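Descriptive structure summary
Chain by chain, the residues run as shown.
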Amino acid sequence: QVQLVESGGGLVQAGGSLRLSCAASGRTFSLYAMGWFRQAPGKEREFVAGISRTGRMTNYGESVKGRFTISRDNAKNMVYLQMNSLKPEDTAVYYCAARYGVEPTSTSVSYNNWGQGTQVTVSS
């Protein structure tokens, strides 16, 4: 098990950037693939990005490809989500998630460790 704490959310204008951070506890962080998901009011949780436990493989949801970048630093037990060219439709609560295994997946049910979420609001 890992405990996850997100930070870095806030209010930004359309076209701006934010960097989300996820701090993980525990000495086995490098054994977990990591993902970022988001959920807007009245909508289902949506896959944003995933990264393998070594960081060599990443994947992204279609709506964020080319704008968001996921990365990790296993020495610091950290995962990041760099968000550029933000749009009002990116407004949501963003969650960091971990799954024990090599590769990330886009399905939320395959992750069994979740953070509390951080709010991102993009104004038009």
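These lines cover the structure that appears in this document, whether it is placed above or below. (Residues numbered from 1 in each chain as written. Predicted model: local features only at pLDDT ≥ 70, side-chain atom pairs only at ≥ 80, totals over all residues. Heavy atoms only, no water.)

**Points about the overall build of the chain**
Operational definition: Starting at the N terminus, helices and strands are each numbered in turn, a helix being any DSSP run of H or I of at least four residues and a strand any DSSP run of E of at least two. For the radius of gyration, the atoms used are the C-alpha atoms, and the globule rule reads 2.2 Å times the number of residues raised to 0.38. Only protein chains enter the accessibility calculation, which uses a 1.4 Å probe; a residue whose area is less than 20% of its type maximum is buried, one above 50% is exposed, and one in between is partly exposed. Residue contacts are counted whenever heavy atoms from the two residues lie within 4.5 Å of one another. Reported accessibility uses the Shrake-Rupley method at a 1.4 Å probe radius. Residues are deemed covered only where the shown protein chains occlude them. None of His or the chain ends enter the tally, which takes Lys and Arg as positive and Asp and Glu as negative. Where a charge lies is defined by one atom per residue type: Lys uses NZ, Arg uses CZ, Asp uses CG and Glu uses CD.
Helix and strand counts for the chain come out as 0 helices and 11 strands. Each helix and strand of the chain, ordered N terminal to C terminal, gives the series β-β-β-β-β-β-β-β-β-β-β. The C-alpha atoms of the chain give a radius of gyration of 13 Å, which matches the 14 Å a tight globule of 124 residues would have. Reported as C-alpha extents along the three principal axes, the dimensions of the chain are approximately 40 × 25 × 25 Å. A burial count over the chain gives 44% of its 124 residues as buried. A separation of at least 24 residues holds for 60% of the contacts in the chain among residues at least 6 apart in sequence. When the accessible surface of the chain is totalled, it reaches about 6300 Å², and 48% of it is carbon and sulfur. On the chain, the mean spot of the 13 positive side-chain charges and the mean spot of the 8 negative ones are 7 Å from each other.

**Topic: the nonpolar core**
Threshold: What we call a nonpolar core is a set of buried Ala, Val, Leu, Ile, Met, Phe, Trp, Tyr and Cys residues that are connected through their side-chain atoms within 4.5 Å.
By size, the foremost hydrophobic cluster in this structure holds 28 residues, and its most contacted members are Met34, Trp36, Leu81, Met83 and Tyr94. In this view, tyrosine 94 contacts Glu6, Leu20, Trp36, Phe37, Arg38, Val48, Phe68, Leu81, Met83, Gly117, Thr118 and Val120; residues no more than four positions away in its chain are not counted.

**Focus: the side chain of serine 21**
Along the chain, the position of serine 21 falls in strand 3 (residues 18-24). Under the relative-accessibility criterion, serine 21 is labelled buried at 14%.

**Concerning the side chain of threonine 118**
The line we're drawing: In protein, a polar contact requires one atom able to donate a hydrogen and another able to accept it; more generally it is a pair of N or O atoms within 3.5 Å, and residues adjacent in sequence count only if both atoms are side-chain atoms.
Looking at where threonine 118 falls in the secondary structure, it is placed in strand 11 (residues 118-123). Of note is the side chain of threonine 118, whose polar atom sits 3.2 Å from the backbone nitrogen of glycine 9. Setting aside residues up to four positions removed in sequence, threonine 118 forms contacts with Glu6, Ser7, Gly8, Gly9, Leu20, Ala92, Val93 and Tyr94.

**Thoughts on the sheet that holds strand 1 (residues 4-7)**
Which entries qualify depends on this criterion: A pair of strands counts as paired when DSSP detects no fewer than two bridges linking them. Only C-alpha atoms enter the line fits that serve as axes; for helices the fit covers just the stretch in contact. Angles between N-to-C directions range over 0 to 180 degrees.
Here we have 4 strands laid out as an open sheet, ordered 1-3-8-7, and antiparallel in their pairing. The sheet is open, and its two edges are formed by strand 1 and strand 7 (68-73), each paired on a single side. When the angles between neighbouring strand axes are averaged without regard to direction, this sheet yields 15 degrees. Where strand 7 meets strand 8 (residues 78-83), 6 bridges bridge the pair, whose relative direction is antiparallel.

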